[in-house]
Amino acid sequence: MSLSDPLGDMLTRIRNGHRARQARVSSPASRLRADVLDVLKREGYIRAYRAEQVRPGVSVLDIELKYSEGEPAIKEIERVSKPGRRVYSKIRELPKFYNGLGISILSTPRGVMSDTEARAANVGGEVLCRVF
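In this text the structure is predicted, and so the values were computed from the model without any measurement. (Residues numbered from 1 in each chain as written. Predicted model: local features only at pLDDT ≥ 70, side-chain atom pairs only at ≥ 80, totals over all residues. Heavy atoms only, no water.)

## Focus: the side chain of Thr108
Logical step 1: With respect to the helices and strands, the residue Thr108 is situated in strand β8 (residues 103-108).
Logical step 2: Polar contacts involving the side chain of Thr108 include one to the main-chain carbonyl oxygen of Gly111, which spans 2.6 Å.
Logical step 3: Residues in contact with Thr108, not counting those within four places in the same chain, are Met113, Val123 and Gly124. (Helix = DSSP H or I, 4+ residues; strand = E, 2+ residues; numbered from the N terminus. Polar contact = N/O pair within 3.5 Å; in protein donor to acceptor, adjacent residues only side chain to side chain. Contact = heavy atoms within 4.5 Å.)

In structure tokens, the structure reads:
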């Protein structure tokens, strides 16, 4: 099956997993998805993830979701830049999400990073998603 938005599919799997109170979800593996999961792990929104090879040439990402006192660590996760409408932002024009409590994940020339890391590196890019 071909997906038109693989990153959006992974974010939806995470959102649905939290709503169903699952401990872990899986998603087909790709480098962009792994980079976004690295940012989510660094920022404390997921416990861990690992790549598992199902068969030669096919691997999946096993994502361990995080809960705090029974409540999901991710309250809201939404895709900003979509295949039909890409959203780019200069770092000076990037708004703070939930007044700085949430993060935006950007794809920059220096790699995928959170908005705070991008502000420190003074680099803008494509706004992939927002997490709170």
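## Describing the pairing of β8
Logical step 1: With five of six residues buried, β8 is to be regarded as a mostly interior element.
Logical step 2: As defined by bridge partners, β8 adjoins strand β10 (residues 125-131) across five bridges and the pair is classed as antiparallel. Opposite Ile103, over in β10, you have Val131 as the bridge partner.
Logical step 3: Pairing analysis gives four bridges linking β8 to strand β9 (residues 111-114), with the strands arranged antiparallel. Paired with Thr108 across the strands is Gly111, a residue of β9. (Buried < 20%, exposed > 50% of the residue type's maximum accessible area, 1.4 Å probe, protein only. Pairing = 2+ DSSP bridges.)

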